[in-house]
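Chain and residue survey
Next come the chains, spelled out residue by residue.
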Amino acid sequence: ALTGEGLALAFDCAKALIAWVAADDPTGYERDYRVISRRYRLITAALLSAAARPALRHRIVPTASRLPWLFGAAVDQLAR
C-alpha cells in the first residue's frame, strides 16, 4: 500500500503474459515473471528473514527513525 508495488507487479506481469499468449508461447511467461518479480521476492525474503529474528525485528523501526535516508532508500527500492 505504501509504494503501489503490488499494482505495478500485476500490470507488468499482465503485459508479459499477454505478449507470450499473443506469441502462442505462454511457457515463456515463467521466465519473465521471475525477472519481473525478482526485486520484490528478494526484498520480501529479507524482511521476512529479519522478522523471524526477534533481536533484529525490534531494531528495524528504531533504526529507520534514526536513519530516515536508509528507510527512504528501502522504500524507493520497492517503488521501482
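Structure shown above.
Throughout what follows, the structure given in this document is the object of discussion. (Residues numbered from 1 in each chain as written. Predicted model: local features only at pLDDT ≥ 70, side-chain atom pairs only at ≥ 80, totals over all residues. Heavy atoms only, no water.)

Observations concerning the packing of aromatic side chains
As a reminder, the rule being used: Each aromatic pair joins two rings of Phe, Tyr and Trp (for Trp, the six-membered one) with centres within 6.5 Å, and gets the label stacked for planes under 30 degrees apart, edge-to-face for over 60, and tilted for any other angle. A run of H or I in DSSP becomes a helix once it reaches four residues, and a run of E becomes a strand once it reaches two; helices and strands are each numbered from the N terminus. For each residue, the accessible area found with a 1.4 Å probe, counting protein chains only, is set against the maximum for its type, and the residue is called buried under 20%, exposed over 50%, and partly exposed in between.
Enumeration over the complete set of coordinates arrives at one aromatic pair. Their ring planes at 40 degrees and their centres at 6.2 Å tell us that tyrosine 29 and tyrosine 33 sit as a pair that is tilted. Here the residue tyrosine 29 and the residue tyrosine 33 both occupy positions in helix H2 (residues 29-51), the gap between them amounting to four residues, near one helical turn. Tyrosine 33 gets classed as partly exposed once you look at its relative accessible area, which sits at 35%.

Regarding helix H1 (residues 5-22)
Short version of the rule: One less than the number of residues in a helix, times 1.5 Å, gives the span that helix is expected to have. Along the arc lie the directions from the helix axis toward the C-beta atoms.
The end-to-end C-alpha distance of H1 is 26 Å, a good match for the 26 Å that 18 residues give at a rise of 1.5 Å each. All buried positions along H1 are accounted for by Glu5, Leu9, Cys13, Ala16 and Trp20. Here the buried residues of H1 occupy an arc of 65 degrees about the axis, which is enough to place them on one side. Those residues of H1 that are exposed and angled more than 90 degrees off the buried face are Leu7, Phe11, Lys15, Ile18 and Ala22. Downstream of H1 by one or two residues, aspartate 24 has phi in the positive range, about 60 degrees.

A look at the environment of alanine 64
In this fold, alanine 64 is placed in helix H3 (residues 54-66). Sequence separation between alanine 64 and glutamate 30 is 34 residues; the distance between their C-alpha atoms is 35 Å.

Some points on the packing of H1 against H2
When two helices pack together, their arrangement is given by the angle between their axes and by how far apart the axes lie. Definition in use: Comment: axis = line fitted to C-alpha atoms, over the contacting stretch for helices; angle = value between 0 and 180 degrees taken between N-to-C directions. Roughly parallel means an angle under 35 degrees; roughly antiparallel, over 145; roughly perpendicular, 65 to 115; everything else is oblique. In this scheme the handedness of a crossing depends on how the near helix is turned from the far one: anticlockwise by less than a right angle means left-handed, clockwise means right-handed. By the convention used here, residues are in contact when the closest approach between their heavy atoms is within 4.5 Å. Residue type decides the class: Asp, Glu, Lys and Arg count as charged, Ala, Val, Leu, Ile, Met, Phe, Trp, Tyr, Cys and Pro as nonpolar, and the leftover types, Gly among them, as polar.
Two elements in contact, H1 and H2, have axes whose closest approach is 9 Å; the angle formed by their N-to-C orientations is 165 degrees. Taken together, the axis directions place H1 and H2 in an arrangement best described as roughly antiparallel. The hand of the H1/H2 crossing is right-handed. Of the residues in H2, those touching H1 at Glu5, Leu9, Asp12, Cys13, Ala16, Leu17 and Trp20 are Tyr29, Arg31, Asp32, Tyr33, Ile36, Ser37 and Tyr40. Its residues placed into classes, the contact of H1 with H2 shows nine nonpolar, one polar and four charged.

A few points about the pattern of salt bridges
Side chains that differ in charge, positive against negative, can pair when their charged atoms come close. Filter applied, for reference: Take a side-chain nitrogen of Lys or Arg and a carboxyl oxygen of Asp or Glu: if they are within 4 Å of each other, that pair is a salt bridge.
Scanning the entire structure with this criterion turns up one salt bridge. One salt bridge in this structure joins arginine 31 and aspartate 32, with 3.8 Å as the shortest N-O distance.

Brief notes about unusual backbone geometry
Even without being glycine, aspartate 24 reaches a positive phi, approximately 60 degrees. Exposure remark for aspartate 24: the relative accessible area of 67% places this residue in the exposed category.

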